[in-house]
Amino acid sequence: MDTVRVRFAPSPTGNLHIGGARTALFNWLFARSRGGVFVLRLEDTDTGRNIEEAAVQIATSLRWLGLDWDEGPDLGGPYGPYRQSDRFEIYQAEARRLVESGQAYWCYCTPEELAQQREEARKRGEVPRYDRRCCTLTAAQRQAKEAAGIRPALRVRVPRTGTTVVHDLIRGEVSFDNATLDDFIILKSNGGPTYNFACVVDDAAMRISHVIRAEEHLSNTPKQIVLYRLLGYQLPAFAHVPMILAPDRSKLSKRHGATAVEEFRAEGFLPEAIVNYLALLGWSPGDEREQMTLAQIQELFSLEAVSKHAAIYDVRKLTWLNGQYLSSLPLARVVEAVLPFMQEAGYVSAVPGAAELDYLNRVVETVRSRVHTLAELRDAAAYFYRSDFTYEEKGIRKYFAKPGVTELLARGREALAAVPSDQFTVEATEQAYRRVIDEMGISGGALIHPTRLALSGRTVGPGLFDIMATLGKEECLARLERAVDWIDINLRAEA
RNA sequence: GGCCCCAUGGUCAAGUGGACUAAGACACCGGCCUUUCAAGCCGGUAACGCGGGUUCGAAUCCCGCUGGGGUCACCA
């Protein structure tokens, strides 16, 4: 086993799930930490369930997460093609070898007959298992079946004695009694391979050294090992990673909210956070580290440190991590990530100019430490782009309804008007405001709170002077004036 | 139901026979800071599923039970 070769082999039936993403991540980490090769292979043998867009979507999500592959459907490689639907001749050829050596046989039982056989076995209290009745078919009987238009499926003749043991890098030795195995189908009646067959043929053909996949495949492994032996292939190492469960301990599904990588992206999660969180789910660096880059994780990763038990994913911790990244990543990176959100909201133009970008940078810098997702960041930045907001009810009652508040706001506005617009900084605006506060002998909050409401429409947010400096002089004066007018019309009139 | 895997706080998770009066993180609760909200800092509540062994000693090893999960297709 010289060079490490691993693969991620999704079936393109839907979006990339976080469970799949983590399996891909562990494969990627293993390959990258061992100087190996990461292969992407599409398991699209079931033409009925295959969705063309899904293949594109999965690749897009993987790339977005930063998990790049060395060989795959798009890149090609020495062991292609990497799409199972393009490898049918290979499966046919390997199946033929099995038939010729008597290790596989044609089965003419129809799905209905098989279901009936299973049902009868169950009634007798037996484990449903194919009874090999088609094994003894004579040539004449076979011809009759063919003439009747029945297309046969191909079954492997699985040894019925002994045990098959899986040497698993995460779970140790797991043994299965061969008597519990069945003569499973490897070629469907339409000529296509089944999962267990295609998977083995391809893993061997693509020189996969380590099969790292989800635990749900552990019970398939003895069947696959039988195939490896029958076909004379060298066995790869196996590692079955624990599954990711929904908060109610059940298998993850759509009804548990966002479970697809694409959905997390749309909700404003950063790939840095998702990958970091996924790595922490089922693996630990062994110390107290939490926030780590892909590069750091890669350096520390080992399959031996992967836990054995399923993990329930907790979107709150992911959210926390995302918030950590939002405030600690270089500003340019956060701006880049939030840009599409801002454009979609109509805050930033499709092709922003330098001034627009400069403003966005300042906005992001002033709000990013108090949000957890890019969507929240966009919403928290709304009033930096729109001045037609309404005032929060609670704020109106608490700050605008106070007697003398319009005079207060007018004084504040006057003070700000005296600050030159090219020196409208956090320090200068605060100095101007503090002077008003001193002169009037009021508490800071008495002026600061109504001003925040006037400027942003909200009672919570960044430091007031940060808002002022970002907004700029003209906008501040206009908004203060608008607030005074609003109070005059809406609150004074009633009095 | 058969087979297989797993089992430390609500969640993630450290721990590989003595340093365990069981780390850390998220969440939660308090406090500090403060113009608000976050952030940050300080503190708190909270766990070895149960029962038997083995051992001078068990979260750690063995057995049973219970619980959870996976799998039993011409799906992957």
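Look up a bit, the structure's there.
Below, the structure is looked at part by part. In this text the structure is predicted, and so the values were computed from the model without any measurement.

**A few points about the overall build of chain A**
Regarding its fold elements, chain A presents 20 helices and 11 strands. Overall, the C-alpha framework of chain A stretches about 105 × 50 × 40 Å when taken along its three principal axes. Scored against the burial criterion, the 495 residues of chain A give a buried share of 48%. Pairs at least 24 apart in sequence give 76% of the contacts found in chain A among residues at least 6 apart. Mean positive and mean negative side-chain charge positions of chain A (60 and 65 charges, respectively) differ by 6 Å.

**Side note on the sheet that holds strand 3 (residues 104-107)**
Read across the sheet, three strands follow the order 3-4-7 without closing on themselves; strand pairing throughout is antiparallel. What marks the edges here is a single partner per strand, and that holds for strand 3 and strand 7 (185-187). Pairs of neighbouring strands in the sheet enclose a mean axial angle of 45°, with direction left out of account.

**A closer look at the packing of helix 17 (residues 426-440) against helix 19 (residues 464-471)**
Contact pair helix 17 / helix 19: the axes reach a minimum separation of 8 Å and the direction vectors enclose 120°. Put simply, helix 17 runs oblique to helix 19. At the point where helix 17 passes helix 19, the crossing takes the right-handed sense. Of the residues in helix 19, those in contact with Val426, Thr429, Glu430, Tyr433 and Arg434 of helix 17 are Leu464, Phe465, Asp466, Met468 and Ala469. A per-class count over the contact of helix 17 with helix 19 returns six nonpolar, one polar and three charged.

**Some points on the protein's contact with RNA strand B**
Taken together, 59 residues form the shell around RNA strand B, and within it Arg171, Arg370, His449, Arg452 and Gly461 come nearest. For RNA strand B, the fraction of atoms within 4 Å of the protein that belong to sugar or phosphate moieties is 69%. One nitrogen or oxygen atom from the side chain of Arg171 is found 2.5 Å from a sugar or linking oxygen belonging to RNA strand B. Measuring from a phosphate oxygen of RNA strand B, one finds a side-chain N or O atom of Lys251 at 3.3 Å. Of all the elements in the fold, those that place two or more residues in the surface near RNA strand B are helix 4 (111-123), strand 6 (172-177), strand 11 (311-312), helix 11 (315-328), helix 18 (444-456) and helix 19. Counting residues per element, the surface near RNA strand B draws most heavily on helix 11, at four residues.

**So, the nonpolar core**
Counting 109 residues, the largest nonpolar core has Leu62, Phe384, Tyr385, Phe400 and Met468 as the members making the most contacts within it. The biggest single contributor to this core is helix 1 (residues 18-33), with nine residues. Leu181, Val201, Met206 and Leu231 belong to the second-largest nonpolar core, a separate cluster that totals 32 residues.

**Describing the pattern of salt bridges**
In total, this model carries 29 salt bridges according to the counting rule given. Between Arg32 and Asp70 there is a salt bridge, with the nearest N and O atoms lying 3.2 Å from each other. Here the residue Arg32 occupies a position in helix 1, and Asp70 occupies one in the loop between helix 2 (52-65) and helix 3 (88-100), the gap between them amounting to 38 residues. A relative accessible area of 35% means that Asp70 is categorised as partly exposed. Ionic pairing is found between Arg41 and Glu43, a salt bridge with its closest N-O pair at 2.8 Å.

**As for the environment of Pro152**
Note that Pro152 resides in the loop between helix 5 (139-147) and strand 4 (153-156). Residue Pro152 is classed as buried on the basis of its relative accessible area, which comes to 9%. For the pair formed by Pro152 and Ala9, sequence separation is 143 residues and the distance between their alpha carbons is 28 Å. If near-sequence neighbours (up to four positions away) are discounted, Pro152 is found in contact with Trp106, Cys107, Tyr108, Glu146, Lys188 and Ser189.

**With respect to helix 9 (residues 271-280)**
With respect to burial, helix 9 is a largely interior element, eight of its 10 residues being buried. Among the residues of helix 9, Pro271, Ala273, Ile274, Val275, Asn276, Tyr277, Leu278 and Ala279 are the ones counted as buried. Of the residues flanking the end of helix 9, it is Gly282, one or two places downstream, whose phi is positive at about 105°.

**A few points about the packing of helix 18 against helix 20 (residues 473-492)**
Packing of helix 18 against helix 20 leaves a shortest axis separation of 8 Å and a crossing angle of 105°. Classified by the angle between their axes, helix 18 and helix 20 sit roughly perpendicular to one another. Along the contact surface, helix 18 presents Thr451, Ala454 and Leu455, while helix 20 presents Cys476, Arg479, Leu480 and Ala483. For the contact of helix 18 with helix 20, a count of residues per class yields five nonpolar, one polar and one charged.

**Topic: the packing of aromatic side chains**
Taken as a whole, this structure holds 15 aromatic pairs when the rule is applied. Ring centres of Tyr228 and Tyr233 lie 6.2 Å apart, and the angle between their planes is 80°; this geometry places the pair in the edge-to-face category. Tyr233 shares its class with Tyr228; the two are buried. Arranged with centres 5.2 Å apart and planes meeting at 70°, the rings of Tyr391 and Trp486 form a pair that is edge-to-face. Of this pair, Tyr391 sits in the loop between helix 14 (374-380) and helix 15 (393-400) while Trp486 sits in helix 20, and the two are 95 residues apart along the sequence. Using a relative accessible area of 24% as the deciding quantity, one classes Trp486 as partly exposed. Within the aromatic cluster, the residues linked to one another by ring pairs are Phe389, Tyr391, Phe400 and Trp486. Between the NZ or CZ atom of Arg155 and the centre of the ring of Tyr130, over which it lies, the distance is 3.7 Å. Directly above the ring of Phe389 sits Arg482, whose terminal nitrogen or CZ lies 5.0 Å from the centroid.

**Describing a positive patch on the surface**
Taken together, the side chains of Lys394, Arg397, Lys398 and Lys402 define a basic patch exposed on the protein surface. Lys402 sits in the partly exposed class, given a relative accessible area of 47%.

**Some points on the state of the cysteines**
Per the stated rule, a full pass over the model turns up zero disulfides. Summary of cysteine pairing: Cys135 is not part of a disulfide, and the nearest cysteine sulfur, belonging to Cys134, is at 8.2 Å.

Analysis parameters
Residues numbered from 1 in each chain as written. Chains lettered and ligands numbered in written order. Predicted model: local features only at pLDDT ≥ 70, side-chain atom pairs only at ≥ 80, totals over all residues. Heavy atoms only, no water. Helix = DSSP H or I, 4+ residues; strand = E, 2+ residues; numbered from the N terminus. Buried < 20%, exposed > 50% of the residue type's maximum accessible area, 1.4 Å probe, protein only. Contact = heavy atoms within 4.5 Å. Lys, Arg positive; Asp, Glu negative; His and termini not counted. Charge placed at Lys NZ, Arg CZ, Asp CG, Glu CD. Pairing = 2+ DSSP bridges. Axes fitted to C-alpha atoms, helices over the stretch in contact; angles between N-to-C directions. Parallel < 35°, antiparallel > 145°, perpendicular 65-115°, else oblique. Left-handed = near helix turned anticlockwise from the far one by under 90°. Nonpolar A, V, L, I, M, F, W, Y, C, P; charged D, E, K, R; others polar. Near = heavy atom within 4 Å. Polar contact = N/O pair within 3.5 Å; in protein donor to acceptor, adjacent residues only side chain to side chain. Core = buried A, V, L, I, M, F, W, Y, C linked by side-chain atoms within 4.5 Å. Salt bridge = Lys/Arg side-chain N within 4 Å of Asp/Glu carboxyl O. Phe/Tyr/Trp six-rings, centres within 6.5 Å; stacked < 30°, edge-to-face > 60°. Lys NZ or Arg CZ within 6 Å of the ring centre and 35° of its normal. Patch = residues over 30% accessible without salt bridge, like charges linked within 9 Å, V, L, I, M, F, W, Y side chains within 5 Å. Areas by Shrake-Rupley, 256 points an atom, 1.4 Å probe, with all protein chains shown as cover. Disulfide = S-S within 2.5 Å.

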